[in-house]
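Structural description and commentary
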Amino acid sequence: MFKQIVVGVDEREGGRAAISLAEHLRAPGGEVTLAHVYAGDPDVYRGADPAYEASEREGARRLLEQAREEAGVEAHVRWRGSPSAGQGLHELCEVIAADLLVVGSSRRGLIGRVLIGDDTRSALNGAPCAIAIAPAGYSPEPDAIGEIGVGYDDSPESEHAVAVARALAEQCGAKLSAFEAVSLPAYAFLGGPAPMDGALNDLVDDARNRIAALGGVEPHAAYGVAAEELAVYSASLDLLIVGSRGYGPVGRLIHGSTSQQLAGSARCPLLVLPRSSPTTETHEPAEDGRDATMAPKV
């Protein structure tokens, strides 16, 4: 499904989990690039301390080559100096027109740095590709993706998520389902009569019927808070897909959305889709490093 995948790798376990997830999401013939971002702003420090820059580049190269060898995958490697991990990954995705960025979920590792820092938040708004988050300790078997689920709410974004999920399910030979979390109608907060249990049951039934009407999708629905109910639903899945309504996928993760909460609570890998396609015209900056060849799988 995804042709150009960037995987964020650092010294922690989250990078290994992210590589495993990327391999499952890579389309036949697709390419994976392992990327490491080290501290430093190329625009500020270029030429200021050649020894430091050379040391960081060499350290990044060794780290990525070791990660590639341990994972036994075919992958390019890239490294970049940046004020933040998030900004550097964003820029690397733009360089190669990536359609997916994969990171690990460790709060102390790369994803922690992506989601917490204020400078990183502003840098990643409007990220030009989808983002997949591998949960801590993720180490799938070769046939790991048996069921793909979609967070559905009848919006254009969730319709797009269903379309992507169909393609992935076909690629993986996986079962496809979707879940809609039903909330109270607006009138319940405007002084109107509170809905009875029967009325809530009707709303849940309507949600299931909407999903069933999509065809080829097993319907699920429940009353409750979307993020909480989707997290429970994710326990039965091998991949949960949600759409993004604005700012790009990372912007939605940062701005208090359901996706942000799921990034920390989903019990399976989470795939957050952007509203639009990534740009295809990119320019290679001089401060990137990339190997000339891909190491073969072992």
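This one's a predicted model, so the numbers in the text were calculated from it and none came from an experiment.

1. So, the nonpolar core
Within the largest apolar cluster, 46 residues are counted, with the highest numbers of intra-cluster contacts made by V7, L34, I148 and L271. Non-local contacts of L271, meaning those with residues more than four positions away in its chain, are made with F2, L100, A130, I131, A132, L168, L239, L240, I241 and V242. Grouped together as the second largest cluster of nonpolar side chains are 27 residues, C93, A98, A231 and L237 included.

2. Digging into the side chain of E180
Position of E180 relative to the elements: it lies in strand β7 (residues 175-182). Relative accessible area serves as the criterion here: at 8%, E180 is assigned to the buried category.

3. Description of the pairing of strand β10 (residues 270-273)
Across the two faces of β10 the burial is the same, with L270 and V272 and L271 and L273 all buried. Two strands pair when backbone bridges link them, and strand β5 (residues 130-134) and β10 are joined in this way by three bridges, in the antiparallel orientation. Looking across to β10, one finds that I133 is bridged to L270. For strand β9 (residues 239-243) and β10, the ladder comprises four bridges, and the chain directions are parallel. Counted as the bridge partner of I241 is L271 from β10.

4. Some remarks on helix α7 (residues 156-172)
Over its 17 residues, α7 extends 24 Å from the first C-alpha to the last, a length consistent with the 24 Å expected when each residue adds 1.5 Å. Among the residues making up α7, those that are buried are E157, S158, A161, V162, V164, A165, L168 and A169. At the C-terminal side of α7, G173 shows a positive phi close to 70°.

5. Considerations on the side chain of H36
Looking at where H36 falls in the secondary structure, it is placed in strand β2 (residues 26-39). H36 sits in the buried class, given a relative accessible area of 8%. A distance of 2.9 Å separates a polar atom in the side chain of H36 from the backbone oxygen of V9. Leaving out residues up to four positions away in the same chain, H36 has contacts with V9, D10, E11, A60, L63, L64, R78, W79 and R80.

Reading guide: rules and limits
- In this convention, every chain numbers its residues from 1, walking through the sequence in written order.
- Totals for whole chains, interfaces and linings use all residues, but because this is a predicted model, local features are given only for residues with pLDDT of at least 70 and pairs of side-chain atoms are given and counted only at 80 or more.
- Excluded from the side-chain calculation are hydrogens and water; included are all heavy atoms of the structure.
- By nonpolar core is meant a set of buried Ala, Val, Leu, Ile, Met, Phe, Trp, Tyr and Cys residues that side-chain atoms within 4.5 Å join together.
- The rule is simple: take the accessible area with a 1.4 Å probe, protein chains only, and divide by the maximum for that residue type; under 20% is buried, over 50% is exposed, in between is partly exposed.
- Here, two residues are considered to be in contact whenever any of their heavy atoms come within 4.5 Å of each other.
- Per the convention used, a helix needs a DSSP run of H or I reaching at least four residues, while a strand needs a run of E reaching at least two, with both numbered from the N terminus.
- Should DSSP find at least two bridges between two strands, the strands are regarded as paired.
- Helix span is expected to be 1.5 Å times the residue number reduced by one.
- In the analysis that follows, any N or O atom pair within 3.5 Å is treated as a polar contact, provided that within protein one partner can donate a hydrogen and the other can accept it, and provided that, for residues neighboring in sequence, both atoms belong to side chains.

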